[in-house]
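Here are the chains, one letter per residue:
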Amino acid sequence: MIIATAGHVDHGKTSLIKALTGTETDKLPEEKRRGLTIDLGFAYHELCAGRRTGFIDVPGHERFVRTMVAGVSGIDFALLIVAADDGPMPQTLEHLSILNLFGVPAGAVVITKIDKADDARVSEVEDQIRGHLADTALASVPMFPVAALEPRGVDELREYLVDRESEHEARTTEGNFRLAVDRSFLLSGAGRVATGTVFSGQIKLDDSVLLAPLGAKLRVRGIHADNVEAQSARAGQRCALNLTGPALNRHEISRGEWLVHELADFTTQRLGVRLQVLPGEARPLRNRTPFHLHVGTTDVTARLALYQGREIEPGGAADAELLLDHPICAVRGDRFVIRDQSAQRTIGGGWLIDPLIGSRAKTRAPRAAALGAMKATDANDALSALTETLPDGVEAESFYQAWNLARDARSQLASANVVEKTIKDEAFFFSKSRWQSMRNNTHAAVVKAHGARNGAPGVTVTESRQGLAEKIPMRTYQAVVEELLREQRLIREGNLLRDAALAVERSPEEQKLWEKIEKVLKRSGAKAPVVRDLADEVRTDFKRLQKFIQSASKAGQLVRVSDKRCFLPATLQGMADIAESLADSGELTVAKFRDGTGIGRNAAVEILEFFDKIGFTIRQGQIRKVRKPAAEALGAARN
C-alpha cells in the first residue's frame, strides 16, 4: 500500500512520518535548513510482517503544489494532516480538493500538534474538517488526534494503518507497464536511476522500456520495489529502476516523463475528458481558457474545448477536450487536475476518457458521441458502442492504446456485434450491421453504375462509388470491393468491375484482338511498345488499333497515357506505386522514375506528365509531389 500525506505547510507531515516509520524524509540541505519539505520524501516501513508500506511526504507550501500533485498520483491511501493550533488552512483545502479529484479511495485525518491546543480547540478543528470533508470521497474517514513529537496518539494511528494494510489487496497487473517518473539521479557505481509509482503492468530485470514521450529505448538492469532489491515490480508499488542505454548519453530523465512498455509508447495532444470545476471557484470556466494540466507527474499547459455551451459553472461538470501545448503520455482512466494559468490555484479536474479522441473523427459532434461510447466500463462494451457511433470504422491500434491493452487482452477482445477488417495493412473494427450494409450497398452501386454504362464491360471503383447514397471512405470502399471479389460476387477485368452474374459480350473479332493485346502488354509490363509497334506485334491495322485502344480506354481495360503509349491498369498502378515511394523520399524526378521502373526517358516523361494531368502528382521544378492517392486518381482517369 502507498500512503501519502497532504496538508498545509508546517502542519507536521514530516514529523508524523518519522514517528510512524523512524525515517527522516527531509533529506535536502535546504529542506533541513528551512524546516519545510520542498521535494517529495519517501519512507518504507513494515506495518504488517512481510508487507512493506510506502510513505510519500509531499510539500505543503503553495509554491510546491505541483510537486504535491506529482506525489499523490497513483496512491492508495491519504493522510490529511491538520495542525490543531492553526486548523484548516488554504493548502489543507486545496490538497483535499486534489485528493478528491484524483479519486483517492481511502484515507484518514490526522490532527497534529494537539500538545499546542486544548481539548475544546481540537474538537472545534474536528468539526471544521468534517464540514470540509462532507462532499468528498473522504467524508466518513476517521480522525486521529496526535502529538508526534511526544509521541501521543501515534500508536492508535499505526494500528489503524496496520488494519488497512492487512486488508489492502494488491492491484492487478493488467495492462502494459507504466511508471510515472518523479525522481531521477545518478548513483555511484550504478548509473542512472529513475523512481516512481507503477501505474499498471509489471516489469522484470533485463526488460526493455521506452522513455515517453521521447521514445528512447532503455534496458532495466536493476530493480528496487518498495525499497527492497527485487527481480520484478508491479502495479501499485513504489519502484526504482536502474537503467542503461545509449539514449542516456543524450537525454536526462526528468520528472513528468514515463517509463513504459512498447505497446504503451504513444503520445497525444488532444484528450477527451470528464471535467469537474471546483465549487469554490469565483467564476465559470470558459471555453478556450488556458491552464496547467497535471497527469501523473506531468505538468503541461493546455486549453479547454467544450462540446456544448461556452462555460462550466463552479461545481459543474462536462465532457470536453483538452488541447495540449506539448505531447504527453496518458491512457484511459488516468486522473488529472487543472490549475490556473499562473499555477496559483487548483480549479478543477477529472478523469481521462479517451487520450486519442482526436483520431476518432474530424468534427466535434461525432467526437462527442465517441467520447460517450468510451465511457463504458468494459472494453468490449466500449468497442461495440464506438463502432455504432463511428460507422466509418475504429482504428484497432488506437483503441488498444487508449485502453492500455496488453497483447493477451488484445487477442481476447471480442464483441458479438463487431467485425475486424484489414485495410491498407491496418486493422479496423466495424459494427457487423454496418459492414454488411456497406457490402450490400457496394454491390448494388457496381450493378447500378454498370447498367448506366450502356453495354460497357464494367465500371471503375470510382464510378461505382459515386452512385452511393451514403458515402464510404475510398480506402474502406476498396476493402469492401476486395472482399466481394474474393467471394466472387464481383469480377474484375483490368480496372473494371462487374456483377459476377453478368457475362460480358464481345464480338469474336474484338475478343481475339483483346487477347492478343493483353498478352503483349502483360509480357512487356512497364516496357510496353508504342502503339505503332504494338500494331505490328498483334498483326492488325494501325488505325484499327488506335480506335480499339480508344474504346478500351473508355471502358477501363486500358489506360492511354499519350497518343503513343497505353498500359494495362495493373501495370500503371505498379508504376504509380514506385512514383509514390520516390515522392515520399523527396526524389520523384524523371531520372529516378526512369531508373526505378527500368523504362526509357521518353516513356518516363510521358507517364509522369500523365500523372500530373490526372491530379496524382504535381510538378515543382525538377521534382514532383503526390497530390492524392494513385488508386483514386487512376480510377477517375478516363480518356
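Look above for the structure.
These figures come from a predicted structure and were not determined experimentally.

1. Observations regarding the environment of Glu46
So, point 1. By the element assignment, Glu46 lies in strand 2 (residues 41–48).
So, point 2. We classify Glu46 as partly exposed; its relative accessible area is 43%.
So, point 3. Along the primary structure Glu46 and Val162 are separated by 116 residues, whereas in three dimensions their C-alpha atoms are 9.1 Å apart.
So, point 4. Dropping the residues within four chain positions of it, Glu46 is found in contact with Arg51 and Arg52.

2. Some details on a positive patch on the surface
So, point 1. A surface patch of like charges, here positive, comprises Lys512, Lys516, Arg539 and Arg544.
So, point 2. Classification of Lys516 by relative accessible area gives partly exposed; the value is 35%.

3. Points about the pattern of salt bridges
So, point 1. If you walk through the whole model with that rule in mind, you get 34 salt bridges.
So, point 2. Of the charged contacts in the structure, one is a salt bridge between Glu252 and Arg192, with a shortest N-O distance of 3.9 Å. One end of the pair, Glu252, is in the loop between strand 14 (238–244) and strand 15 (258–260); the other, Arg192, is in strand 8 (residues 191–200), with 60 residues separating them in the sequence.
So, point 3. We classify Glu252 as exposed; its relative accessible area is 54%.
So, point 4. Of the charged contacts, one joins Arg270 and Glu321 as a salt bridge, the two residues approaching to 2.5 Å between their closest N and O atoms. Of this pair, Arg270 sits in strand 16 (residues 268–277) while Glu321 sits in strand 21 (residues 317–328), placing them 51 residues apart in sequence.
So, point 5. You can call Glu321 buried: its relative accessible area is 1%.
So, point 6. Residues participating in the shared-partner salt-bridge network are Lys421, Arg439, Glu483 and Glu487.

4. Describing the environment of Ala370
So, point 1. Following the sequence through the fold, Ala370 ends up in helix 7 (residues 364–373).
So, point 2. In this structure Ala370 comes out as buried when scored by relative accessible area, which is 0%.
So, point 3. For the pair formed by Ala370 and Gly349, sequence separation is 21 residues and the distance between their alpha carbons is 21 Å.
So, point 4. With residues near it in sequence (within four places) discarded, Ala370 still touches Ile357, Arg360, Leu386, Thr389 and Leu390.

5. Remarks on unusual backbone geometry
So, point 1. With an omega of -15°, the peptide bond running from Glu150 to Pro151 counts as cis.
So, point 2. Mapping Pro151 onto the fold places it in the loop between strand 6 (143–145) and helix 6 (154–167).
So, point 3. The peptide bond linking Ala212 to Pro213 adopts the cis configuration, its omega dihedral lying at 10°.
So, point 4. With respect to the element layout, Pro213 can be found in the loop between strand 10 (208–212) and strand 11 (216–225).
So, point 5. With a phi close to 55°, Asn404 is a non-glycine residue in the positive phi region.

6. Describing the pairing of strand 23 (residues 346–354)
So, point 1. Counting buried positions along strand 23 gives eight out of nine residues, so the element sits mostly inside the fold.
So, point 2. Between the antiparallel neighbours strand 22 (residues 335–339) and strand 23 lie six residues, among them Ala343 with a positive phi of about 60°.

7. Here's the deal with helix 15 (residues 531–538)
So, point 1. When we look at burial in helix 15, the residues that qualify are Val531, Leu534, Ala535 and Val538. For helix 15, the angular spread of the buried residues around the axis is 105°, confining them to a single face. Along helix 15, exposed side chains directed more than 90 degrees from the buried face belong to Arg532 and Asp536.
So, point 2. Directly after helix 15, the chain includes Arg539, whose backbone phi takes a positive value near 55°.

8. Topic: the nonpolar core
So, point 1. Counting 42 residues, the largest nonpolar core has Leu572, Phe593, Ile607 and Phe611 as its most contacted members.
So, point 2. Among the elements of the structure, helix 14 (508–524), helix 15, helix 16 (542–555), strand 30 (566–567), helix 17 (569–584), helix 18 (590–597), helix 19 (601–613) and helix 20 (630–636) are those that each provide at least two residues to this core.
So, point 3. Every residue in contact with Phe611, bar those within four places of it in the chain, is listed here: Leu572, Met575, Ala576, Ala579, Phe593, Phe616, Thr617 and Leu634.
So, point 4. Ile2, Phe102, Val109 and Ala147 belong to the second largest nonpolar core, which has 32 residues in total.

Analysis parameters
Positions within a chain are numbered from 1, following the residues in the order the chain's sequence is written. Since the coordinates come from a predicted model, pLDDT governs what is reported: local features require at least 70, and pairs of side-chain atoms require 80 or more to be given and counted, while whole-chain, interface and lining totals use all residues. For side-chain calculations, the full set of non-hydrogen atoms in the structure is used, while hydrogens and water are omitted. Working definition: helices are DSSP H or I runs of at least four residues, strands are E runs of at least two. Numbering for both runs from the N terminus. Partly exposed describes any residue whose relative accessible area lies between the buried limit of under 20% and the exposed limit of over 50%, with all areas from a 1.4 Å probe on protein chains only and scaled to the type maximum. Throughout, a residue-residue contact means that at least one pair of heavy atoms, one from each residue, lies within 4.5 Å. Think of a patch as exposed residues, more than 30% relative accessible area, with no salt bridge, where like charges cluster within 9 Å and nonpolar side chains (Val, Leu, Ile, Met, Phe, Trp, Tyr) cluster within 5 Å. Using a 1.4 Å probe, the Shrake-Rupley method yields the accessible areas, and only the shown protein chains count as cover for residues. Here a salt bridge means any side-chain nitrogen of Lys or Arg lying within 4 Å of a carboxyl oxygen belonging to Asp or Glu. Asp and Glu are treated as the negative residues and Lys and Arg as the positive ones, with His and the ends of the chain left uncounted. Working definition for charges: the position is that of NZ of Lys, CZ of Arg, CG of Asp or CD of Glu. Pairing between strands requires that DSSP locate at least two bridges from one strand to the other. An arc is given here, and it is the one of the directions from the helix axis to the C-beta atoms. To define a nonpolar core, start from buried Ala, Val, Leu, Ile, Met, Phe, Trp, Tyr and Cys residues and group those joined through side-chain atoms within 4.5 Å.

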